[in-house]
Each structure stands twice: as C-alpha cells, then as structure tokens.
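# Breakdown of the fold
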Amino acid sequence: WFGRLMNMHVGVLAFVFVMLLVGGYFAIANVVPWVGLKIISPSQEKLMGDKLFQAFVDIGETDSQKTRLVNEVAHALELSKTYNIQVTVLQNKEVNAFALPGGRIVVYTGILKSMKSGDELAALLAHEASHINKRHSLRSLLRSSAVAILISVALNDASGIASVLVENAETLRNLGYSRNLEREADASGMQLLVDNHIDPIAMRNLMLRLQEAYGKAPDMIAFLSTHPATQERIDNANAFAKKYRSREYAVNAVVSKNWDLIKN
C-alpha cells in the first residue's frame, strides 16, 4: 500500500496529507475540551480564571466605584449556584463584556454607557454568568489552545498547561462563541432573569443596544465576533419573552438604586 501511495500524483498526495492534518486538528480540538471539562473542577477553574484575569489588568484602569456598584447588583441576583460571580469594571470605550472561567466577569464602561436601564445590566450579567455556568469560556479556551496543551501533556509539563492558557488569554477576549453556545447563554440568561423576577424582554433590549453600537451583523458571520447582536438572536429573545408576558415583574430595589448611581 505504501508503494501504491508513493505512485500517486503529487497533487493527490498533497490533498491526502492536508486532509489528514485537518482531520487530526479537529479531532484534537474536540477531544481536549471534552477531557478538560471532565477533569478540571470548579475550584481549579476558579484558580485558572484568577490567573487569566491578571493578563487583563493592562486593558484599562479599574473603575472602583462602578465595580462596587455592579457587584452589588450581581450579588442581589441569583446568578449561579456553583460559582461566586465577581465583576470588574474597566475604563474602556469599547462596547463589550466577557466572562472568564471560574466566575469572573469583565465589563467595560463603554457598554454601561450604551445601556438605558438597570434591567439591561441585569440581562448582561445573566448572559455572562450563563457562559460561566455552562463552562463556555473554559471550553472555548481549551479548544483554542488544544494543540499546545496536548504538546505540554506529551512532554509531561503540567505547569506548561497553565502557561499555555494564560498566554492565550487575549485570544479568549476576542474569541467568538459558536451559534449554539450563544443561543444557550441567551436562553439560560433569560431564564435567570425570570427566576429573579425581571422581565426577560431586557435581554432583547440589550441586544438592540449592541446592534446600535456595532450595526447589524449578518447572520452568516454570527460566529466570528464577540456577542454579535444578530436579528436571529433578537427574534429568539422576543419569542422567549412572549411566553412570560403575562407575568408580573417587581422592581429590584438594588438594581434600580445602583443603576441610577452608575449612570450618574
């Protein structure tokens, strides 16, 4: 069989070689996250997230007052039964927020300025907390670093695994979740809003703010950017909210009070 393989046209050999490489990469990219999610405990995940957070300290100066106020909002809501949600607000004009493994959420002042209600802030926190609860951040980071992690394992370099993840921290900030993961975080986030007696229409309103900031992202590139506010996601949020339209929602005193202080 080797002789017959060598007698093939060079173009066919190149195609076979490329297909083997691509197949091997996708196999590794799926196996490593699956194994990682099985063996990494929530406490280990938190330590990892704390280390990753240090890689973001130079992104922008921490707004201590807004950090305190947003954390009070997060703690007034039941966002996670597994993780202690910690929010850090950074002074950055970018309209963005992202979740790190283990419970940390980073929010930019840019996205706070774009919001128009405390319920939208609750929706943002619920969405990012859902990424944490579903371990989407850890899964995405493991997937993006799969090959380097596998090399560290092969070399029996356990400390190298942590180094690989820290070195790829910037990748996590810009890493877009797949359509399915974003749908899952949207649905779970809206359910968290309902559980906290907040109208889930706030998630739709938050997406409209993102759409105003970035424009309408075509559905075909929905997986390429961070939290793209596609029409598909907005329609899904509308459909979810309709199911709970008949419910009565109370004003959360902490959310309302702190939002007024954040905007001022």
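Here's what I pulled together on the structure shown here. (Residues numbered from 1 in each chain as written. Predicted model: local features only at pLDDT ≥ 70, side-chain atom pairs only at ≥ 80, totals over all residues. Heavy atoms only, no water.)

### A few points about the pattern of salt bridges
Scanning all chains against the criterion turns up eleven salt bridges. Of the charged contacts, one joins R104 and D50 as a salt bridge, the two residues approaching to 2.9 Å between their closest N and O atoms. Within this pair, whereas R104 is found in strand β3 (residues 104-108), its partner D50 is found in helix α3 (residues 42-54), the two being separated by 54 residues in sequence. Comparing R104 with D50 shows no difference in burial state: the two are buried. Between E120 and R209 there is a salt bridge; the shortest N-O distance is 3.2 Å. Here the residue E120 occupies a position in helix α6 (residues 118-133), and R209 occupies one in helix α12 (residues 201-214), the gap between them amounting to 89 residues. A residue is classified by how much of its surface remains accessible, and E120, at 2% relative accessible area, is buried. (Salt bridge = Lys/Arg side-chain N within 4 Å of Asp/Glu carboxyl O. Helix = DSSP H or I, 4+ residues; strand = E, 2+ residues; numbered from the N terminus. Buried < 20%, exposed > 50% of the residue type's maximum accessible area, 1.4 Å probe, protein only.)

### Considering helix α4 (residues 64-76)
The end-to-end C-alpha distance of α4 is 18 Å, a good match for the 18 Å that 13 residues give at a rise of 1.5 Å each. Those residues of α4 that fall on the buried side of the exposure criterion are T67, L69, V70, N71, V73 and A74. Summarising the contacts, the buried residues of α4 are in contact with β1 (86-90), α6 and α14 (253-263). (Expected span 1.5 Å × (residues − 1). Contact = heavy atoms within 4.5 Å.)

### Observations regarding the pairing of β3
Of all five residues that make up β3, five are buried, and the element is covered over most of its length. By the alternation rule, side chains of β3 split into R104, V106 and Y108 and I105 and V107, which are all buried. Note: β1 against β3, five bridges, orientation parallel. Looking at the pairing, V87 lines up with I105 of β3. Relative to β3, strand β2 (residues 97-99) is paired through three bridges, and the arrangement is antiparallel. Opposite F98, over in β3, you have V106 as the bridge partner. (Pairing = 2+ DSSP bridges.)

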